[in-house]
Amino acid sequence: MLPKVIHLVDDRKLGGVKLALESLSQSSLKLTFDFKIHSLNLHTWFPRRYKADIICLHAAASWRKLLGLCLLRLANIGTPLLYQEHHYSECFVKQRVTTPWRFLLMLKFWYRLTTRVLAVSEAQADWVKREKLTAQNKLILMGQAKDMTPFLILPAKPIGKPIVLGAYGRFDSQKGFDLLLEAMTHLSPEKVELRLAGGGEELEELEAKWASLSHVHFVGEVHDVPQFLSGCDAVVIPSRWEPFGLTCQESLTAGKTIITSGVDGLNEQLEEIESLGLNRTGDLIRLAELTSEKIIEAIDELIERADELLDDNQESNASLGLSRQSRLVVAANWPRLLEKWRKLLNLHL
C-alpha cells in the first residue's frame, strides 16, 4: 500500500494553489504516494483525524483559525503536519497589515504548531528568516511549479498590430488590474489591446468602470490558459504582492514578454533567466514603481520594440518574447520540484 498524503485546503477558489496541487497529485509521484485533496473548515470545533501518513496544510493563517489549527493538530497527534505558505509575504504585510507586530505574532504561533513550514519562493523564505517567524531547521525552501508541457509547446506568435497584452487571475486588489486599466485609458487602441481573463469579487466593478474602453476586453474565466496566452504578445503582471506568482512561470514558459511589478517571488523568476544571460533586451520589463504611469511607460517601450522588430523583419514572422532555451530553463523547475517533494515526504515517513 502506498503512503497516504492528504492535502488540506480551505478555499477551493485559490486558482494557483489548486492547479499546483492537482498537478502534483497527477505527477509521476502518484506511483510512490497516494495523494488526496480535501477541503476543511478551520472555524469548526470538531476536527477529524485523517487516515494519513502525512498531512499538508494549505490554508491561509489567521487569528480566527488558530484554535481550529490547534484542534486539528491535537486530533492528528503523531502525523507530520507540513504547512505550505502560499499566502503571505513581505509585500503583503506592507500593503495590507496595519499592525505588523500583531500579525507576525499570529504567524509565529501558527508555524509553531506545524512540523515544517514550506516557502514557495526565496523572497518569502528570506522574509520568514528576517522576521524570525519559525526555527530555521523547520523552514524548507520548496519553490512552486506545475507541469508546463502545454505552455512549452506553444509556437511563437508573430507580431501584429495592435500589440495584444494579456493579464489573468483573480480580480482583487492584490493583482493590480485597476492600475493596468487606468494605464489603458492613456494608450491608443491602434497600438495596443488588452485581454483580461479571470473572475473574482472586483470583476463587476472593474467591468462597469472600464466598459467604455474599446481596446480592453474582459474575456471571463479561462479554462485553457495556454490557448489564451497563444493569442498574446506579452503578459502584464502588476501585482501588489505575490509570494510566488504561477502566472509568471506559465507566461515565461509560453515564451511571452513580461511586464511585472517584480515584487516578492516574481523577481527571482526573472533573475533565473537573467543570471544565465538568456534574455534579450526588452524580454523582461520590471516596473520601477507600481503606478499606472510606469505601466504606460513600460507598454510604450514594448510598442516601440515591436515596431523596430517589424521594420527590421518585414519579410519574416517577427515575434516578441523569450528564446526556446529560456523557456526550457523555466519548465525545468517542475521536475526539480517533484524531486524536492519526494525527498521531503520520504523524510517524514
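Now for a quick tour of the structure. (Residues numbered from 1 in each chain as written. Predicted model: local features only at pLDDT ≥ 70, side-chain atom pairs only at ≥ 80, totals over all residues. Heavy atoms only, no water.)

The next point concerns the side chain of Arg 240. Structurally, Arg 240 is set in the loop between strand E10 (234-237) and helix H10 (246-253). What makes Arg 240 buried here is its relative accessible area of 17%. Within polar-contact distance, the side chain of Arg 240 engages the backbone oxygen of Ser 173 at 2.7 Å. A polar side-chain atom of Arg 240 sits 3.0 Å from a polar atom in the side chain of Asp 178. Sequence-distant contacts of Arg 240, defined by excluding residues within four places in its chain, comprise Cys 91, Gln 95, Ser 173, Gln 174, Gly 176, Asp 178, Leu 179, Val 263 and Leu 290. (Helix = DSSP H or I, 4+ residues; strand = E, 2+ residues; numbered from the N terminus. Buried < 20%, exposed > 50% of the residue type's maximum accessible area, 1.4 Å probe, protein only. Polar contact = N/O pair within 3.5 Å; in protein donor to acceptor, adjacent residues only side chain to side chain. Contact = heavy atoms within 4.5 Å.)

A separate point is the state of the cysteines. Under the criterion given, the structure shown has zero disulfides. Left without a disulfide partner, Cys 91 is nearest to the cysteine sulfur of Cys 248, which lies 14 Å away. For Cys 91, a relative accessible area of 17% corresponds to the buried category. Note on Cys 248: no disulfide assigned, nearest cysteine sulfur contributed by Cys 232 at a separation of 14 Å. Taking relative accessible area as the criterion, Cys 248 reaches 0% and is therefore assigned buried. (Disulfide = S-S within 2.5 Å.)

The subject of this paragraph is the nonpolar core. Note on soluble globular proteins: their nonpolar side chains tend to be buried together. Ranked by internal contacts, the top residues of the largest apolar core, which has 65 residues, are Leu 57, Phe 103, Leu 107, Trp 110, Leu 229 and Leu 252. In terms of residues, this core owes the most to one element, helix H4 (residues 100-112), which gives six residues. In this structure Leu 107 touches Ala 61, Glu 85, Tyr 88, Trp 127 and Leu 133, once residues within four positions along its chain are discounted. Listed in part, the 34 residues of the second largest apolar core include Ala 183, Trp 210, Ile 295 and Ile 299. (Core = buried A, V, L, I, M, F, W, Y, C linked by side-chain atoms within 4.5 Å.)

Turning our eyes to something else, we now look at empty space enclosed by the protein. Empty space among the atoms can be located by rolling a probe the size of a water molecule over them. One pass over the structure, following the stated rule, counts three cavities of 30 Å³ or more. Here the largest cavity is characterised by a volume of approximately 70 Å³. Broken down by secondary-structure element, the contributors of at least two residues to the lining of the largest cavity are strand E7 (163-168) and E10. Ranked by residues supplied to the lining of the largest cavity, first place goes to E10 with three residues. Among the residues forming the lining of the largest cavity, the class breakdown is seven nonpolar, two polar and two charged. As for the second largest cavity, its lining consists of Ala 20, Leu 21, Leu 24, Gln 84, His 86, Gln 144, Ala 145, Trp 334, Leu 337 and Trp 341. (1 Å grid on protein atoms, 1.4 Å probe; cavity = no way out; pocket = protein on both sides within 12 Å on 5 of 7 lines; lining within 4 Å. Points joined across faces, edges and corners; volume = space filled by probe spheres on them. Nonpolar A, V, L, I, M, F, W, Y, C, P; charged D, E, K, R; others polar.)

Turning next to the packing of helix H2 (residues 63-75) against H4. Two elements in contact, H2 and H4, have axes whose closest approach is 10 Å; the angle formed by their N-to-C orientations is 10°. Relative to H4, the element H2 is oriented roughly parallel. Here Trp 63, Lys 65, Leu 66 and Leu 69 of H2 lie close against H4, whose contacting residues are Arg 102, Leu 105, Met 106, Phe 109 and Trp 110. Across the contact of H2 with H4, the residue classes break down as seven nonpolar, no polar and two charged. (Axes fitted to C-alpha atoms, helices over the stretch in contact; angles between N-to-C directions. Parallel < 35°, antiparallel > 145°, perpendicular 65-115°, else oblique.)

A few words on the sheet that holds strand E5 (residues 116-119). Pairing is parallel in the open sheet, where six strands are placed in the order E2-E1-E3-E4-E5-E6. Two strands close off the open sheet at either side, each with one partner strand: strand E2 (34-39) and strand E6 (139-141). Across the sheet, the axes of successive neighbouring strands diverge by a mean angle of 25°, strand direction being ignored. In the sheet, strand E1 (residues 4-9) pairs with E2 via six bridges, with the strands oriented parallel. (Pairing = 2+ DSSP bridges.)

Within an α-helix, residues lying three or four positions from one another point in the same direction, as the helix has 3.6 residues per turn. Compared with the 30 Å implied by 1.5 Å per residue over 21 residues, the 30 Å span of helix H12 (residues 292-312) between its first and last C-alpha is a close match. For H12, the full list of buried residues reads Ser 292, Ile 295, Ile 296, Ala 298, Ile 299, Leu 302, Ile 303, Arg 305 and Ala 306. On the buried face of H12, the contacting elements are E7, helix H7 (177-184), strand E8 (192-197), E10, strand E11 (257-260) and strand E12 (284-286). (Expected span 1.5 Å × (residues − 1).)

For the rest of this paragraph, the subject is the layout of surface pockets. If you add up the space inside the second largest pocket, you get close to 390 Å³. Of all elements in the fold, only H10, helix H11 (265-274) and helix H14 (333-347) reach the threshold of two or more residues within the lining of the second largest pocket. Split into classes, the residues belonging to the lining of the second largest pocket amount to eight nonpolar, six polar and six charged.

Worth remembering: the numbers are spatial, not functional.
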